[in-house]
Amino acid sequence: MPPSSGTAMFKKILIANRGEIAARILRACREMGIEAVTVYSTADADSLHVLFAEQSVCIGPPRAGDSYLNMDAILTVAKATGCDAIHPGYGFLSENDAFADACRDAGIAFIGPSGDVIRKMGNKSAARALMQSVGVPVVPGSDGLVRDEDEAVKVGARIGYPVLIKAAAGGGGRGMRRVYEPSEMRDLFREAMAESVACFGSDEMYIEKLILNPRHIEFQILADKYGNVIQLGERDCSVQRKNQKLLEETPSHALTPDLRKRMGDAAVRAAKAAGYENAGTIEFVLAPNKEFYFIEMNTRIQVEHPVTEMVTSMDLVREQIRIAAGLKLSRTQEEVELRGHAIECRINAENPAKEFAPCPGKASFLYFPGGPGVRVDTCMYNGYEIPPFYDSMVGKIIVWAPTRLEAIRRMRRCLEELTIDGVQTNAELMHQILYHPVFVRGNYTTAFLEEHLPTMLEWMARIEESEA
Amino acid sequence: MKFDLVRDVIVETLNCDLSDVTEDARLREDLHADSLAAVELCMALEEATGVTIEDERLPQMLTVGDILQYLKEHTE
Amino acid sequence: MEKQDLFELMDRFARSGLQRMALQDGDFTLELEKPAPIVAAPAAAPVAAVSATAVSAAAAVVEAPTVDNALYVKAPLVGTYYAASSPDAAPYVRVGDRVEKGQTLCLIEAMKTMNEIPAPCDLLVEEILVDNGALVAFDAPILRYSHV
């Protein structure tokens, strides 16, 4: 039976976010006849989510820690303005289990899973064990700490090379070593442990299979309070730089119908095992030999959700609100229909030629593309000043077309139409990607961008010279 | 594999004249397909016919006839 | 820039939908900003203007500061403003009071914690800008004062 929240729709929702996702959530609320309250920092006084909201309250100075991450300020406004629910968007507090608990304790619905589920899925080894228990494949690994070289050699032999030695306390590549041959294991293991002790003061080491040139495939799931769980197909997010996604598309050129079914079923099993509720994403790595492994679960709506919306004609933010309000999913798995092809390009205020340095500034003149199958989600408008304190992404261009090639050609046209004066963006780089044969052929992996970036930057430089 | 289906895909993808698309027409020399256009044609044919074209065979497909032959082999 | 043009410009700005305007004329610069509306009635945001239901009687929110050279004590956090320590107690300060630096001017409640807002300097209370129990936004002006 549904918990006490009953099935009354929310009257008022507080949007605890900024930028394009805040504008996106505002639009869903407006279309559902729900009043929205937005919050902003002093740096965002002129932002879209303030201008468009019926009610908007300044909650702090520019620094995210004092504003968009300030749980007390956000809950204070939610209660003072009589909000029934809070939508956390992505980033900021969206995967903060303490915040989800605090909302529940304040009698305000958190539009997302419970704090417990966020905690459970946020703990990597717990999530791994849970996935294994329901037969969702995980990256083969030592399943626990590797104490010394002898054990490392045994684990290496069991898993099969190449393998990756990782410091449990590691991050940013420190205390990591790639081992391609059994003969290298002893030295590299000693090296990695020494580095881990030096960097993190910890000698806890893991070993897992090293998957070379993988693709990053994630599945969108929706789960309501009645145990219904559906998956809405995959998103291929392999075009990324230093784990930052730049382009996402669906369907993935790498998935056959059979593989899609197996991965989709695994995603649903993962969500059910986690007791998941609301919108979520299961991330897999897909090896060249078409083996796939669970990586992690994102317990929030994601930046790239629009490509799924375009091929399913579903409004995922609306679904999130319906679920949190206690309604059943609006479609069964059989009723989910994936049609055509969708591609999203993220538009970031950054300069790819200068190590992707962020370039906040004032958009003195803006023109966004339109036409058939084109959607633009952005927080920018003519004369908007991009504050330097937050993420550099200022919008997304999403296209839909019956086939992948038509979608690629449509996106090229859109990027040619896009005009943003006064701000340096990555639009030209995205345009290059859409003309690169490896991307167009569809057989690209997560190594694609960094491998071909130099040539693309060179093309861009040459174009600039010819135009100068 | 119907010739007119393949012909229409070629005309649309390479923006060439219907009359130029004969069995012995060479993609690069006669239909002016550069390397990217060849990749796009391959994609369009896969999407139109449902037949997967392996990358290794791409370089050997020099004429319209080669394409038809490959598609015939892979549809029976 | 002649004084007359200045007034005309300011008048036109006031009637326009613009929120903020900056003007440079030689070495003369002028910056005008409209205060976000104090009362719950939403600014001329296109969406809000469309839907009549949006103009609900939500709690009046005291908004961001105005631009003039008066002195304000501003809210250091967002929360509910209380003029007195408890409903039946006398307010901490009244208009015309002389207040010493550090003396409590009012309370702002956020998540059950009562935050005392101290006087930033010795001051004379000129005007209290917030109603008891109203939600004050961060940086919103609470009290206008002058130096003693």
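Next up on the list: the overall build of chain A. Within chain A, the secondary structure is distributed over 15 helices and 20 strands. Taken over the C-alpha atoms alone, chain A extends approximately 65 × 65 × 45 Å along its principal axes. Out of the 468 residues in chain A, the part that is buried amounts to 56%. Within chain A, counting contacts between residues at least 6 apart in sequence, those at least 24 apart form 65% of the total. Carbon and sulfur atoms provide 52% of the accessible area of chain A, an area that totals close to 18300 Å². Distance between charge centroids for chain A: 4 Å, based on 53 positive and 63 negative side chains.

Residue and element names in this part refer to chain A. A sheet is described by the order of its strands in space; here eight strands give the open sequence β13-β12-β9-β10-β11-β14-β19-β18, paired in antiparallel fashion. The two strands at the open ends of the sheet, each matched to only one other strand, are β13 (292–298) and β18 (374–378). On average, each strand axis in the sheet is tilted by 25 degrees relative to the strand beside it, whichever way the strands run. Sheet analysis places strand β9 (residues 215–223) next to strand β10 (residues 229–241), joined by six bridges and oriented antiparallel.

With that settled, consider the environment of L69(A). As for its placement among the helices and strands, L69(A) is situated in the loop between β3 (55–60) and α3 (71–80). Separated by eleven residues in the primary sequence, L69(A) and C58(A) have C-alpha atoms spaced 13 Å apart.

With that settled, consider the packing of helix α1 (residues 3–14) of chain B against helix α3 (residues 64–73) of chain B. Residue and element names in this part refer to chain B. Contact geometry for α1 and α3: axes closest at 11 Å, N-to-C directions at 125 degrees. The angle between α1 and α3 falls in the class oblique. Relative to α3, α1 is oriented so that their crossing is right-handed. Counting all contacts with α1, which are made through F3, V6 and I10, the residues of α3 involved are V64, I67, L68 and L71.

To continue, consider the confidence of the model for chain B. Scored by pLDDT, chain B comes out at a mean of 91, with 97% of its residues at no less than 70. Across the assembled chains, the prediction reports ipTM 0.75 with pTM 0.85.

Bringing the interface of chain A and chain B into the picture now. Contact with chain A, which involves eleven residues of that partner, is made by twelve residues of chain B. Contact with chain B buries surface across chain A, with L405(A), R409(A) and R441(A) losing the most and accounting together for 54% of the total. For the pair chain A and chain B, the interface holds four salt bridges. In this structure, the connection of chain A to chain B is made through nine residue pairs in polar contact (both at pLDDT 80 or more). Of all the secondary-structure elements, those providing two or more residues to the side of chain A that touches chain B are α12 (404–417) and α14 (437–441) of chain A.

Adjacent strands of a sheet form backbone hydrogen bonds with each other and so pair up, either parallel or antiparallel. Residue and element names in this part refer to chain C. With antiparallel pairing, four strands are arranged side by side in an open sheet as β4-β11-β9-β6. Since the sheet does not close on itself, it has two edges, and those belong to β4 (71–74) and β6 (98–99), each with one partner. Sheet topology places β4 next to strand β11 (residues 141–147); four bridges connect them, and they run antiparallel. Pairing of Y72 across the sheet is with R144, part of β11.

Attention now moves to the packing of aromatic side chains. All names here are of chain A. Taken as a whole and judged by the stated rule, the model has nine aromatic pairs over all chains. Geometrically, the ring pair formed by F99 and F110 is edge-to-face, given 6.0 Å between the ring centres and 85 degrees between the ring planes. You can see F99 sitting in helix α4 (residues 97–105) and its partner F110 sitting in strand β5 (residues 109–110), a full eleven residues away along the chain. Each member of the pair, F99 as well as F110, carries the same accessibility label: buried. On the basis of an interplanar angle of 50 degrees and a centroid distance of 5.3 Å, the ring pair of Y381 and Y384 is categorised as tilted. According to the relative accessible area criterion, Y381 is partly exposed, its value standing at 24%.

Attention shifts here to the packing of helix α1 (residues 19–31) of chain A against helix α11 (residues 316–324) of chain A. Residues and elements named next belong to chain A. Packing of α1 against α11 brings their axes to within 9 Å, and their N-to-C directions diverge by 65 degrees. Seen from above, α1 lies across α11 with right-handed handedness. Facing R24, I25, A28, C29 and E31 of α1, the residues of α11 in contact are L316, V317, R318 and I321. Residues that form the contact of α1 with α11 fall into these classes: six nonpolar, no polar and three charged.

This part takes up the confidence of the model for chain A. For chain A, mean pLDDT is 94; residues scoring 70 or higher make up 98% of the total. The model gives residues 1–5 of chain A a pLDDT under 50, and that stretch makes five contacts with residues more than four places away or in other chains.

This part covers helix α2 (residues 35–49) of chain B. An ideal rise of 1.5 Å per residue puts 21 Å on 15 residues; α2(B) measures up with 21 Å between its terminal C-alpha atoms. Among the 15 residues of α2(B), eleven are classified as buried, and the element is accordingly described as predominantly covered. Burial in α2(B) covers these residues: L36(B), A37(B), V39(B), E40(B), L41(B), C42(B), M43(B), A44(B), L45(B), E46(B) and T49(B). Structurally, α2(B) contributes buried residues whose contacts are with α12 and α14 of chain A together with α1 and α3 of chain B. The backbone nitrogen of L36(B) lies 3.1 Å from a side-chain oxygen of the residue at the head of α2(B), namely D34(B). Following α2(B) by one or two positions, G50(B) adopts a phi angle in the positive range, close to 75 degrees.

Turning next to the nonpolar core. All names here are of chain A. Judged by nonpolar contacts, the single largest core of 39 residues is most densely connected at L415, I433 and F439. When contributions to this core are tallied by element, the ones reaching two or more residues are β11 (244–250), β14 (341–348), β19 (393–401), α12, α13 (427–433) and α15 (448–467). If sequence neighbours within four positions are ignored, L415 has contacts with C345, I347, I397, A427, M430, H431 and L434. In this structure, L26, C29, A53 and I111 belong to the second largest nonpolar core, which totals 32 residues.

Residue and element names in this part refer to chain C. Where burial is concerned, most of strand β7 (residues 104–110) is hidden: seven out of the seven residues are buried. Strand direction decides the pairing type here: strand β5 (residues 79–82) and β7, joined by three bridges, are antiparallel. Along β7, the bridge assignment pairs Y82 with L107. Across six bridges, the pairing between β7 and strand β8 (residues 113–118) is antiparallel. For T104, the partnering residue across the bridge sits in β8 and is P118. Once β7 ends, the chain turns through two residues before running back antiparallel as β8, passing M111 with a positive phi of about 50 degrees.

Definitions and cut-offs
Residues numbered from 1 in each chain as written. Chains lettered and ligands numbered in written order. Predicted model: local features only at pLDDT ≥ 70, side-chain atom pairs only at ≥ 80, totals over all residues. Heavy atoms only, no water. Helix = DSSP H or I, 4+ residues; strand = E, 2+ residues; numbered from the N terminus. Buried < 20%, exposed > 50% of the residue type's maximum accessible area, 1.4 Å probe, protein only. Contact = heavy atoms within 4.5 Å. Areas by Shrake-Rupley, 256 points an atom, 1.4 Å probe, with all protein chains shown as cover. Lys, Arg positive; Asp, Glu negative; His and termini not counted. Charge placed at Lys NZ, Arg CZ, Asp CG, Glu CD. Pairing = 2+ DSSP bridges. Axes fitted to C-alpha atoms, helices over the stretch in contact; angles between N-to-C directions. Parallel < 35°, antiparallel > 145°, perpendicular 65-115°, else oblique. Left-handed = near helix turned anticlockwise from the far one by under 90°. pLDDT = per-residue confidence, 0-100. Buried area = accessible area lost by both parts, 1.4 Å probe. Salt bridge = Lys/Arg side-chain N within 4 Å of Asp/Glu carboxyl O. Polar contact = N/O pair within 3.5 Å; in protein donor to acceptor, adjacent residues only side chain to side chain. Phe/Tyr/Trp six-rings, centres within 6.5 Å; stacked < 30°, edge-to-face > 60°. Nonpolar A, V, L, I, M, F, W, Y, C, P; charged D, E, K, R; others polar. Expected span 1.5 Å × (residues − 1). Core = buried A, V, L, I, M, F, W, Y, C linked by side-chain atoms within 4.5 Å.

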